[in-house]
Amino acid sequence: MGQSASTKDKNNVIIQGIPDHIRMDKIVLAFVGKGETGKSSLIERFILEAVPNKKYATNEITHCTKVIYINGKPITFEIWDTPGQGFYGQKYDCIKKAQGIFACFDISTKASFKAIQEWVIEGPKFVNEAAQILLVGTRADMQSYREVSTLEAKIGRASCRE
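What you see is a predicted model, and the numbers here were worked out from it, not measured in a lab.

The rules behind each value
Residues numbered from 1 in each chain as written. Predicted model: local features only at pLDDT ≥ 70, side-chain atom pairs only at ≥ 80, totals over all residues. Heavy atoms only, no water. Helix = DSSP H or I, 4+ residues; strand = E, 2+ residues; numbered from the N terminus. Buried < 20%, exposed > 50% of the residue type's maximum accessible area, 1.4 Å probe, protein only. Contact = heavy atoms within 4.5 Å. Areas by Shrake-Rupley, 256 points an atom, 1.4 Å probe, with all protein chains shown as cover. Pairing = 2+ DSSP bridges. Axes fitted to C-alpha atoms, helices over the stretch in contact; angles between N-to-C directions. Core = buried A, V, L, I, M, F, W, Y, C linked by side-chain atoms within 4.5 Å. pLDDT = per-residue confidence, 0-100. Salt bridge = Lys/Arg side-chain N within 4 Å of Asp/Glu carboxyl O.

Draft legend 1. View of the overall build of the protein. What the protein contains, in helices and strands, is four helices and seven strands. Order of helices (α) and strands (β) in the protein, N terminus to C terminus: β-β-β-α-β-β-α-β-α-β-α. Burial analysis of the protein (162 residues in total) assigns 37% to the buried set. In the protein, 65% of the contacts between residues at least 6 apart in sequence involve partners at least 24 apart. Carbon together with sulfur atoms contributes 52% to the accessible area of the protein, which is approximately 10000 Å² in total.

Here you go:
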């Protein structure tokens, strides 16, 4: 087996603990969650490296890519943004091929947290077995309106597959 990599590239992306023998030329990510949880804003911030200045609803699945160089090698991030209607993307092929699922909820709306907890329980039926699910609380700038405590989120995180 190869050594574990721990590097910082020109984009200040730090990668630690990834064995050298693992091939990482493309990483597929999917964002799921109830509507109006800020999924599109998170994606836009990553892609554009700036705070988005407009709000809009995602009415259909959208797709974008970004290439980041790590150790001089290009890694393509294929990112899928699912609309918040229905059962949060279970019908989309991108969910089945994603290596990482960002299960998003709005910390200022308890209903979005309850809905994403349901997805975390039922969603794995629709995803790649090797996919990692990450519970993501959005709208951290809304602390004064917070309805989901950090403790609740940590307990909810325990539902995610390891």
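Draft legend 2. Representation of the sheet that holds strand β3 (residues 26–33). On the basis of which strands lie adjacent, the open sheet formed by five strands has the order β4-β5-β3-β6-β7 and mixed pairing. Strands at the two margins of the open sheet, each flanked by one partner only, are β4 (62–70) and β7 (132–138). For this sheet, the mean inter-axis angle between neighbouring strands, taken without regard to orientation, is 25 degrees. The pairing of β4 with strand β5 (residues 73–81) spans nine bridges and is antiparallel. Across the sheet, residue Ile 68 finds its bridge partner in β5, namely Ile 75. Contacting β3, β4, β5, β6 (100–106) and β7, helix α1 (residues 39–48) runs over the sheet at an angle of about 160 degrees to β5. Running at roughly 155 degrees to β6, helix α3 (residues 110–122) makes contact with β3, β6 and β7 of the sheet.

Draft legend 3. Local environment of the nonpolar core. Counting residues in hydrophobic clusters, the biggest one holds 22 residues, and the most contacted among them are Ile 95, Ile 101, Phe 105, Ile 116 and Trp 119. At the level of secondary structure, the elements contributing two or more residues to this core comprise β3, α2 (93–97), β6, α3 and β7. Tallying contributions element by element places α3 first for this core, with four residues. Other than its neighbours up to four places away in sequence, Phe 105 contacts Thr 37, Ser 112, Phe 113, Ile 116, Leu 135, Val 136, Gly 137, Thr 138, Val 148 and Ala 153. One finds Leu 29, Ile 68, Phe 77 and Val 136 within the second-largest nonpolar core, a separate group that totals 11 residues.

Draft legend 4. Summary view of the confidence of the model for the protein. With 75% of its residues at a pLDDT of 70 or more, the protein shows a mean pLDDT of 76. Scored below 50 in pLDDT, residues 1–15 shows 34 contacts in the model against residues more than four places distant or in partner chains.

Draft legend 5. Fine view of the pairing of β5. Relative to β5, β3 runs parallel, the two being bridged by six bridges. Counterpart to Val 28 in the pairing with β5 is Glu 78. Connecting β4 to the next strand, β5, in antiparallel fashion are two residues, including Asn 71 with a positive phi near 55 degrees.

Draft legend 6. Structural detail: the pattern of salt bridges. Enumeration over the complete set of coordinates arrives at five salt bridges. A salt bridge links Asp 106 to Arg 139; the shortest N-O distance between them is 2.7 Å. You can see Asp 106 sitting in strand β6 and its partner Arg 139 sitting in the loop between β7 and α4 (150–157), a full 33 residues away along the chain. Residue classification places Asp 106 among the buried positions, given a relative accessible area of 4%. The exposure class of Arg 139 is partly exposed, given its relative accessible area of 31%. The salt bridge partner of Glu 152 is Lys 110, with a shortest N-O separation of 2.5 Å.

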